Amino acid sequence: MRLITLFVTTLLAAFLLQVGDADAKYTLCNKTSFALSASIGYVDGDQIVTEGWRPLRPGQCNVVLTKQTEKNRVYIYAEGVPGHKGPLKIWSGDTYLCVKNGEGFSIRNPGVCRDDPRNRRRFKGVDVPEELTGVFQIDFTEPSNFTKYTAEVAGVQRLLGDVGKSAGSIDGTWGKATRQRIADYRKEKNLPAGTNITEDLIDALVADANAAEAKLGFFFCNKADGVVWGAIAEPEKGDKYLSKGWYKLEPGACAKVIKGELAADHYYVYGVMETPSGGDLILDDGDRALCVNDVLFEVDSAKACAENDLDEALFRRVDIGGAPTATFDFKPDNFSAPPTKTSQKADK
């Protein structure tokens, strides 16, 4: 499963009635079956400010900004919570802006994340017509075209499946199976009896789904003294691999690089460690040549590296024996000087 797969859906701008300048309101509305974490960016003086994360339950709309923006433009990004099964679902565009992972944030300097590609996201620019004077709603949607109500029902159906209590299809239909699963889950979690959908119900489902996901996947941990840039390759059909990176790891830090229950019995890893002298050390014992790049990358091994302006690096095989989760520790004695000129790492 891929950590980051782009699912770009339509950001539907729903125009509201014109009001006075003092009543600026920018609303994000989640009309999807996913619980989302959203971020908004806007121009303030000579900088773009990004703010997040704003949780959006399925079917929920929240005001996220109450000031008139400059340049009549906002930037929007959202991603599903990690507990949803499958690849990470995202709603994005083509403008890279900064975020902070795992916490609320407000960032005024657009260059602060330049040294770590994983703290950047591709935001969608949305033009705001002048006549709306700041009252503007943006809907996150998916092909099923749910309404607010059906998105809420579909979201609960999806979350029930995420925690192993599937109610069948994720279709937004308020059917008998869905009502029964809700009643059972409410009893199990000591929530008030019934089949109604409430914020407490959705929050409990999200918490359970996230807790289950936190125990699964492939993790990198940096047990070395210097900053490590890691890359991983996971098996695909045949003898092909998908290599992706970079993951920046400060000393003592860990990061999940593959989400969900692991499906393969082995993976390949690669790493570059920075040293105080400015030189780089590379991970030892590599035995499979795969493609890497100087910047954030995701490359299928079917591609010829040189022909696609990519570099080649020797990845180390890591056997996990079919376990649902695994951790690879980058240790000081794992690294040595490259046999040739400076090896590749992520561009700062």
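Residues numbered from 1 in each chain as written. Predicted model: local features only at pLDDT ≥ 70, side-chain atom pairs only at ≥ 80, totals over all residues. Heavy atoms only, no water.

Q: Provide a residue-level description of the overall build of the protein chain, including the pertinent values.
A: When helices and strands are tallied, the protein chain shows three helices and 22 strands. By the burial criterion, 48% of the 348 residues in the protein chain qualify as buried. Counted over contacts in the protein chain with a minimum sequence separation of 6, partners at least 24 positions apart contribute 73%. Summing over all exposed atoms, the protein chain offers an accessible surface of approximately 16400 Å²; the carbon and sulfur share of this is 49%. (Helix = DSSP H or I, 4+ residues; strand = E, 2+ residues; numbered from the N terminus. Buried < 20%, exposed > 50% of the residue type's maximum accessible area, 1.4 Å probe, protein only. Contact = heavy atoms within 4.5 Å. Areas by Shrake-Rupley, 256 points an atom, 1.4 Å probe, with all protein chains shown as cover.)

Q: Now, about the pattern of salt bridges: what can you tell me, with residues and values included?
A: Summed over all chains, the structure comprises 17 salt bridges. Between Glu51 and Arg54 there is a salt bridge, with its nearest N and O atoms 3.1 Å apart. Among the residues examined, Arg54 registers a relative accessible area of 24% and is labelled partly exposed. Linked by salt bridges that have partners in common, Asp44, Lys67 and Arg108 make up one network. (Salt bridge = Lys/Arg side-chain N within 4 Å of Asp/Glu carboxyl O.)

Q: How would you summarise the state of the cysteines if you had to cite specific residues and measurements?
A: Counted by the stated rule, this structure contains four disulfides. Each sulfur in the disulfide pair Cys29 and Cys61 lies 1.8 Å from the other. Taken together, the residues span a long stretch of sequence, with Cys29 in strand S2 (residues 25-30) and Cys61 in strand S5 (residues 61-65) at a distance of 32 residues. Residue Cys29 is classed as buried on the basis of its relative accessible area, which comes to 0%. Using a relative accessible area of 26% as the deciding quantity, one classes Cys61 as partly exposed. Note on cysteine connectivity: Cys291 is disulfide-linked to Cys305, with sulfurs 1.9 Å apart. (Disulfide = S-S within 2.5 Å.)

Q: Any chance you could break down the packing of helix H1 (residues 148-162) against helix H3 (residues 199-214) for me, citing the residues and the numbers?
A: Helix packing for two helices is described by the angle between their axes and how far apart those axes are. At a minimum axis distance of 9 Å, the contact between H1 and H3 shows a crossing angle of 35°. Between H1 and H3 lies a crossing of left-handed hand. Across the interface between the two elements, Glu152, Val156, Leu159, Leu160 and Asp162 of H1 pack against Leu201, Ile202, Leu205, Val206 and Ala209 of H3. Counted by class, the contact of H1 with H3 contains eight nonpolar, no polar and two charged residues. (Axes fitted to C-alpha atoms, helices over the stretch in contact; angles between N-to-C directions. Left-handed = near helix turned anticlockwise from the far one by under 90°. Nonpolar A, V, L, I, M, F, W, Y, C, P; charged D, E, K, R; others polar.)

Q: Describe in detail H1, supporting the description with residues and values.
A: It helps to recall that an α-helix has 3.6 residues per turn; residues three or four apart then point in one direction. For H1, built from 15 residues, the straight-helix expectation of 21 Å at 1.5 Å per residue is met to within 8% by its first-to-last C-alpha distance of 21 Å. Among all positions of H1, only Ala151, Val153, Ala154, Gly155, Val156, Gln157, Arg158, Leu159, Leu160 and Asp162 are buried. In this fold, the buried residues of H1 make contact with S2, helix H2 (176-188) and H3. Positive backbone phi, at 80°, marks Gly164, one or two positions downstream of H1. (Expected span 1.5 Å × (residues − 1).)

Q: Quick one: what's the story with the pairing of strand S10 (residues 120-127), residue by residue and with numbers?
A: Both strand S6 (residues 70-80) and S10 contribute to a ladder of four bridges, which runs antiparallel. The residue bridging Arg73 from the neighbouring strand is Asp127, located in S10. In terms of strand pairing, strand S8 (residues 95-98) meets S10 through four bridges, oriented antiparallel. Looking at S10, one finds that Cys98 is bridged to Arg120. (Pairing = 2+ DSSP bridges.)

Q: Any chance you could break down the nonpolar core for me, citing the residues and the numbers?
A: Of all hydrophobic cores here, the largest spans 21 residues; its most connected members are Phe218, Phe220, Ile232, Tyr267, Val269, Phe328 and Phe330. Elements supplying a minimum of two residues to this core: strand S12 (217-222), strand S13 (228-235), strand S14 (241-249), strand S15 (254-258), strand S16 (266-274) and strand S21 (325-330). When residues no more than four places from it in sequence are discounted, the contact partners of Phe328 are Phe218, Phe219, Phe220, Cys221, Val269, Leu283, Arg316, Val318 and Asn334. Formed by 20 residues, the second largest nonpolar core is a distinct cluster that contains Tyr42, Leu56, Trp91 and Val128. (Core = buried A, V, L, I, M, F, W, Y, C linked by side-chain atoms within 4.5 Å.)

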